[in-house]
Amino acid sequence: MEKTEEKLLDIQDLRVHFHTRHGVVKAVDGVSFGLERGEVLGIVGESGSGKSVTCLSVLGLLPAPPARIESGRALLAGRDLLTLDAESLRRVRGKSISMIFQEPMTSLNPYLKIGVQLVETLRAHEAIAAEAARARAIRMLDRVGIADAGIRMDGYPHELSGGMRQRVMIAMALLTQPDILIADEPTTALDVTIQAQILELIRELKAEFGMAVILISHAMGVVAEMSDRILVMYAGRVVEQGNPGEIFRHPAHPYTKALIDSMPNPNASADRLPAIAGTPPDLARLPAGCAFAPRCGFARPVCRETDPDERTRPASETPALGAPEALTRPGSPTRSAEPGHAFRCHVDI
Amino acid sequence: MTRGQGESLWADARRRLLQNRAAVLGLCVTGALLVAAALTPWISPYAYDEQDLNLGASPPTRAHLFGTDSLGRDLLTRMLYGSRISLVVGLLATLVSMIIGITYGAVSGYLGGRWDAVMMRLVDILYSLPFIFFVIILMVYFGRNIVNLFVALGCVQWLTTARIVRGQVLTLKQKEFVEAAVAMGVSTPGIVFRHLVPNVLGPIIVYATLTVPAVMLEEAFLSFLGLGVQPPNCSWGILIAEGVKHMELESWLILFPGFFLSLTLFSLNFLGDGLRDALDPKYRAD
């Protein structure tokens with residue numbers, strides 16, 4: 001606890017459950033992670049693994065009911081976001097933490113001029129005159145690479161392409177110079193060349209404004225390229241975390257390994273990409289034991305009986321029982337070259 | 001990427017409205033009716049209370065283009081004066097009902113949950129009250145004059161508007177742009193009135209054009225009961241109500257007011273349809 005002050009955002013044992021007619025869906029089930037200033041944290045996982053829900057719940061953007069935050073804390077500069085009232089939370093959103101979404105085509109209001117939407121965001125957080133806000137919005141549009149920014153301000157979203165709209169969304173998110181930018185699959189809906197441009201833009205702006213970025217994606221390649229640290233999520237839990245190099249070289253969790261193996265590799269001669277067999281589990285009816293066991297090639301009987309705790313490599317030495325701070329402490333008596341590389345698996349692969 | 005330059009919403013809408021022939025026709029007819037109503041004291045051929053008891057009910061002639069009623073009053077004159085009241089009541093009552101209905105419906109739909117349930121049950125209760133009972137109370141309580149008439153009508157008409165807007169908002173609030181605006185910290189009033197209301201204007205404009213004639217007919221009904229416009233003033237509603245009584249022998253008394261009421265309805269409808277398309281920035285005629 002005494003170490004949490006230095007972290008920009010500290011999420012501790014977050015559990016978000018959806019209470020539906022079909023039972024309790026444990027969308028996020030005990031997630032803890034910290035975010036340092038200026039760091040890029042990548043969160044990977046399949047659809048439904050809890051990546052987005054984690055971030056949305058921190059900003060209070062989940063519809064409640066059915067969503068309910070069962071436990072956990074999300075400390076932003078010492079303040080627990082999960083207990084803030086609606087107005088305080090509104091002031092955090094878009095000011096301290098901004099978010100951009102997957103669908104740039106539909107994330108802008110089709111009936112409002114781009115400029116109106118940008119200025120509105122800025123003025124929601126700062127007492128600034130309309131003309132000054134407009135000038136700042138134009139500068140920011142210019143900065144994110146929109147040509148003729150001044151003219152674009154008076155245009156409507158439908159006049160822009162998907163990539164341009166995502167640039168506008170980024171400009172909007174950065175207008176207030178937030179400490180944290182959450183990018184929820186920012187490139188999934190864009191074509192490949194545009195994807196690279198947008199990622200490059202986020203990287204540049206991150207360096208320029210010194211903000212921390214949480215990059216959510218299901219594409220391992222995107223996350224690996226951008227991130228300082230990676231969280232791999234499966235069925236509402238963090239199954240592995242560490243730095244990209246280590247995770248790519250020595251994936252410790254079979255799911256991470258499967259994700260990496262299923263990335264397209266131009267040098268491989270295989271006709272088919274390896275896919276992960278089966279589908280993600282029904283979060284309302286999680287199996288006993290490890291949630292990944294039914295799809296796992298390494299599964300042993302123990303995997304179907306008990307859920308593995310988080311540990312570091314190797315298995316024989318000091319399993320760190322559910323205490324993530326202990327894992328980031330350097331000098332843990334493990335042979336792993338990488339401190340902070342932790343995973344949840346019974347098996348050494 | 002149709003234009004390098006952004007056009008203002010209104011300039012853009014006007015251009016697209018003018019490309020729609022039916023809408024332009026509707027606009028011209030509505031405009032002509034409004035001009036005629038405004039200029040009535042100068043263009044009407046007779047004084048509004050001038051009677052010719054010797055003539056009595058006469059079919060259209062050169063002296064009386066639309067004929068006369070049983071008291072020998074010129075129908076064209078009465079229709080011109082009636083249009084002033086009918087159009088004002090129709091437009092203002094509709095405006096009142098739209099303002100109340102849009103605000104109420106948008107707030108209810110956006111807040112959702114318990115607020116929505118309570119607010120919509122109130123609408124259901126008001127719906128179930130006999131409308132005329134409600135208007136009579138308002139008119140008796142606040143006095144019988146024309147301003148209260150359209151306030152009373154507006155107060156009754158907003159219920160349907162509120163339901164339409166709420167339904168639209170319920171689907172709209174699931175859209176990503178609303179989520180994005182929330183995520184950027186836009187306040188609840190900002191989201192309701194800046195983001196949601198402009199998006200429901202399309203169906204609302206069409207519904208408003210249907211409300212105008214409906215309100216005109218309700219005004220006729222109230223006037224018939226002696227709660228609305230009082231003689232010697234008249235409105236199209238009163239003329240139609242009178243015309244119905246004499247339609248077997250003096251058919252022109254129902255034909256002309258009926259025709260002009262229908263004409264107003266159609267032109268408002270075409271105009272509303274055109275406006276809906278014109279105000280939608282995603283819609284492209286070109």
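Residues numbered from 1 in each chain as written. Chains lettered and ligands numbered in written order. Predicted model: local features only at pLDDT ≥ 70, side-chain atom pairs only at ≥ 80, totals over all residues.

Colleague: I'm lost on the sheet that holds strand S9 (residues 229–234) of chain A in this one. Help?
Modeller: The strands that make up a sheet pair up through hydrogen bonds in the backbone, lying either parallel or antiparallel. Residues and elements named next belong to chain A. Judged by pairing direction, the sheet is mixed, and its 8 strands sit side by side in the order S6-S7-S8-S3-S9-S10-S12-S11 without closing on themselves. The open sheet has two edge strands with one neighbour each: strand S6 (97–100) and strand S11 (310–311). Bridge count for S6 against strand S7 (residues 180–184) is 4 bridges, and the pairing is parallel. Across the sheet, the residue bridging to Ile100 is Ala183, located in S7. The strands that helix H6 (residues 162–174) touches are S6 and S7; relative to S6, the one it contacts most, it runs at about 170°. (Pairing = 2+ DSSP bridges. Helix = DSSP H or I, 4+ residues; strand = E, 2+ residues; numbered from the N terminus. Contact = placed C-beta atoms within 7 Å. Axes fitted to C-alpha atoms, helices over the stretch in contact; angles between N-to-C directions.)

Colleague: Teacher, can you tell me more about the nonpolar core here?
Modeller: One recurring pattern in soluble globular proteins is that nonpolar side chains are buried together. Counting 159 residues, the largest nonpolar core has Leu141, Val168, Ala171, Ile214 and Val232 of chain A as its most contacted members. Looking at which element gives the most residues to this core, the answer is helix H3 (residues 75–111) of chain B, with 14 residues. (Core = buried A, V, L, I, M, F, W, Y, C linked by C-beta atoms within 7 Å. Buried ≥ 20, exposed ≤ 12 C-beta atoms within 10 Å, placed from the backbone.)

Colleague: Sorry, what's going on with the interface of chain A and chain B here?
Modeller: Where the parts come together, the accessible area they lose is often given as the size of the interface. The interface of chain A with chain B comprises 31 residues on the first partner and 24 residues on the second. Of all the secondary-structure elements, those providing two or more residues to the side of chain A that touches chain B are helix H2 (86–92), S6, helix H3 (114–125) and helix H5 (149–152) of chain A. Looking at the side of chain A that touches chain B element by element, the count peaks at 4 residues for H3 of chain A. Residue composition of the side of chain A that touches chain B, by class: 12 nonpolar, 9 polar and 10 charged. (Nonpolar A, V, L, I, M, F, W, Y, C, P; charged D, E, K, R; others polar.)

Colleague: Can you walk me through H3 of chain A in this structure?
Modeller: Along an α-helix, a turn takes 3.6 residues, which lines up residues three or four apart on a common side. Residues and elements named next belong to chain A. With 12 residues, H3 extends 18 Å from end C-alpha to end C-alpha; this agrees with the ideal 16 Å at 1.5 Å per step. With 9 of 12 residues buried, H3 lies mostly within the body of the structure. Here H3 has its buried residues at Ile114, Gly115, Gln117, Leu118, Val119, Glu120, Thr121, Leu122 and His125. (Expected span 1.5 Å × (residues − 1).)

Colleague: I'm lost on the pairing of strand S2 (residues 23–35) of chain A in this one. Help?
Modeller: Successive side chains on a regular strand alternate, one facing one side of the sheet and the next facing the other. Bridge analysis of strand S1 (residues 9–20) of chain A against S2 of chain A gives 10 bridges, and the strand direction is antiparallel. Across the sheet, residue Leu14 of chain A finds its bridge partner in S2 of chain A, namely Val31 of chain A.

Colleague: Would you mind showing me how to read the sheet that holds strand S4 (residues 67–76) of chain A here?
Modeller: All names here are of chain A. What the 4 strands build is an open sheet, ordered S2-S1-S4-S5; its pairing is antiparallel. The outermost strands of the open sheet, each flanked by one partner alone, are S2 and strand S5 (79–80). Inspection of the sheet shows S4 paired to S5 by 2 bridges, in the antiparallel sense. When the sheet's bridge partners are listed, Leu76 is paired in S5 with Arg79.

Colleague: In this structure, what is going on with the packing of helix H8 (residues 188–224) of chain B against helix H10 (residues 252–279) of chain B? I would like to understand it.
Modeller: A packed helix pair is summarised by two numbers, namely the angle formed by the two axes and the spacing between the axes. Residues and elements named next belong to chain B. Contact pair H8 / H10: the axes reach a minimum separation of 8 Å and the direction vectors enclose 170°. Put simply, H8 runs roughly antiparallel to H10. Contact residues: Leu201, Gly202, Ile205, Val206, Ala208, Thr209, Leu210, Val212, Pro213 and Met216 in H8; Leu261, Thr264, Leu265, Leu268, Asn269, Leu271, Gly272, Asp273, Leu275, Arg276 and Leu279 in H10. Class assignment of the residues belonging to the contact of H8 with H10 gives a composition of 14 nonpolar, 5 polar and 2 charged. (Parallel < 35°, antiparallel > 145°, perpendicular 65-115°, else oblique.)

Colleague: Honestly, the confidence of the model for chain B in this entry has me stumped. Any pointers?
Modeller: Low pLDDT means the predicted coordinates in that region are not meant to be read closely. Residues and elements named next belong to chain B. The predicted model of chain B has a mean per-residue pLDDT of 82, with 94% of residues at 70 or higher. Taking the mean pLDDT of every element in chain B, the minimum, 77, falls on helix H1 (residues 9–18) and the maximum, 91, on helix H4 (residues 113–128). pLDDT under 50 marks residues 1–6. Its contacts with residues more than four places away, or in other chains, come to 12 contacts. Listed scores for the predicted complex are pTM 0.74 and ipTM 0.76. (pLDDT = per-residue confidence, 0-100.)

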